Amino acid sequence: MSCFFPVAESPQNHQSLFYANDLSQYSVLCDFDGTISEKDVTDTLLNHFGNEKCALLEQQWQEGIIGSRECMHQQIANIQASKAELDSVLAQIKIDPAFSEFISFAQSRNLNVHIVSDGLDYAIQSILKRYNLNFLPVFANRLLHNQQQDWALDFPYANDRCLKASGNCKCQHRRKLTGFQKIFYVGDGTSDFCVADKVDMVFAKDKLIDFCQQQRIAYYPIKNFGDVTAILPELLKAPTENSCLIPA
Ligand SMILES: [Mg+2]
Ligand SMILES: [Zn+2]
């Protein structure tokens, strides 16, 4: 019987940031896959190392038969790869070229930025490390490895009450963020749906645009983090002005 161990470095000591109210009045929560990274990391890994069962599970998730937690739990268990093989694929994944500049802006303004992801902690950590951005607090599912070819996924932030049955419940992270005057969210897809109506403003790409329109959630459509860096100072300058886009 194999033993599984976390492959991400020991959890960063960022719990205090979560509750901090002395750094700034504002906080930005960012999705990772498809928002910070150009490609979905889990999908990329499954394409390389998954089997036919992974595609079947994906279909069941798309049809709403299973939640993302159940889907990823089983998909990751069906991956066969050494750590070196996994690392070689992660090394190809690029991030939005404007993200680093957004982080520089955030640091210069003491803006809190957290990454909340329904993806894999180790993957996010190793991709961010390539861009010298691995100091950012990351809340994601925990990838485990048995030091051979097998992988498993653990869900430290799952919430059985979340409607989306995600691995990582983002609305729960939102609820824990107290003491901020405003909370912004940047995302692109279904893992962002449960949190989108619980923040002050959404910066949306792709599927999240459609969702915000359908649900009449205030949002700005963005192409990349360059748009967030451009729009956010305006919002912070005049936070009470009704300058947001409300869908017609
Ligand atoms: Mg995403
Ligand atoms: Zn949730």
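The coordinates are above.
The following refers to the structure shown.

Conventions and cut-offs
- Residues numbered from 1 in each chain as written.
- Chains lettered and ligands numbered in written order.
- Predicted model: local features only at pLDDT ≥ 70, side-chain atom pairs only at ≥ 80, totals over all residues.
- Heavy atoms only, no water.
- Helix = DSSP H or I, 4+ residues; strand = E, 2+ residues; numbered from the N terminus.
- Buried < 20%, exposed > 50% of the residue type's maximum accessible area, 1.4 Å probe, protein only.
- Contact = heavy atoms within 4.5 Å.
- Areas by Shrake-Rupley, 256 points an atom, 1.4 Å probe, with all protein chains shown as cover.
- Lys, Arg positive; Asp, Glu negative; His and termini not counted.
- Salt bridge = Lys/Arg side-chain N within 4 Å of Asp/Glu carboxyl O.
- Donors = N, O, S within 2.8 Å, 3.2 Å for Na, K, Ca; no water.
- Core = buried A, V, L, I, M, F, W, Y, C linked by side-chain atoms within 4.5 Å.
- Pairing = 2+ DSSP bridges.

### Notes on the overall build of the protein chain
Then comes step 1: Of the regular secondary structure elements, the protein chain holds 11 helices and eight strands.
Then comes step 2: Counting across all 248 residues of the protein chain, residues that qualify as buried make up 54%.
Then comes step 3: For the protein chain, the proportion of contacts with a sequence separation of at least 24, taken over those separated by at least 6, is 67%.
Then comes step 4: Taken as a whole, the protein chain presents about 12,000 Å² of accessible surface, with 48% of it coming from carbon and sulfur.

### Concerning the side chain of D96
Then comes step 1: Take D96: it is sitting in the loop between α5 (83-90) and α6 (99-108).
Then comes step 2: No salt bridge is formed by the buried D96; its nearest oppositely charged neighbour, K205, is found at 5.3 Å.
Then comes step 3: Those residues in contact with D96, other than ones at most four positions away along the chain, are T35, I36, E38, N224 and F225.

### Structural notes on the coordination of the magnesium ion (ligand 1)
Note on metal sites: the ideal angle is 109.5 degrees for four tetrahedral donors, and 90 or 180 degrees for six octahedral donors.
Then comes step 1: Protein-derived coordination of the magnesium ion (ligand 1) comes from D31 (OD), D33 (O) and D188 (OD), at a distance range of 2.1 to 2.2 Å.
Then comes step 2: Here the donor residues of the magnesium ion (ligand 1) share one chain and are spaced in sequence as D-x1-D-x154-D. Pair noted here: D33 is in the loop between β2 (26-30) and α2 (41-49) and D188 is in the loop between β6 (182-187) and α9 (193-196), with a separation of 155 residues, a long-range link. In this structure, D33 and D188 share a single accessibility class: buried.

### Some thoughts on the nonpolar core
Then comes step 1: Counting residues in hydrophobic clusters, the biggest one holds 57 residues, and the most contacted among them are F99, F102, F203 and L232.
Then comes step 2: Top contributing element to this core by residue count: helix α11 (residues 225-237), with six residues.
Then comes step 3: When sequence neighbours within four positions are dropped, the list of residues in contact with F99 reads I36, L128, L133, L136 and F225.
Then comes step 4: With 19 residues, the next largest nonpolar core counts L29, Y185, A196 and Y219 among its residues.

### Looking at the pairing of strand β5 (residues 151-154)
Then comes step 1: Bridge analysis of strand β4 (residues 138-145) against β5 gives four bridges, and the strand direction is antiparallel. The residue bridging R142 from the neighbouring strand is D154, located in β5.
Then comes step 2: Where β4 hands over to β5, the hairpin turn is made up of five residues, of which Q147 adopts a positive phi near 65 degrees.

The values are spatial; any link to function lies outside them.
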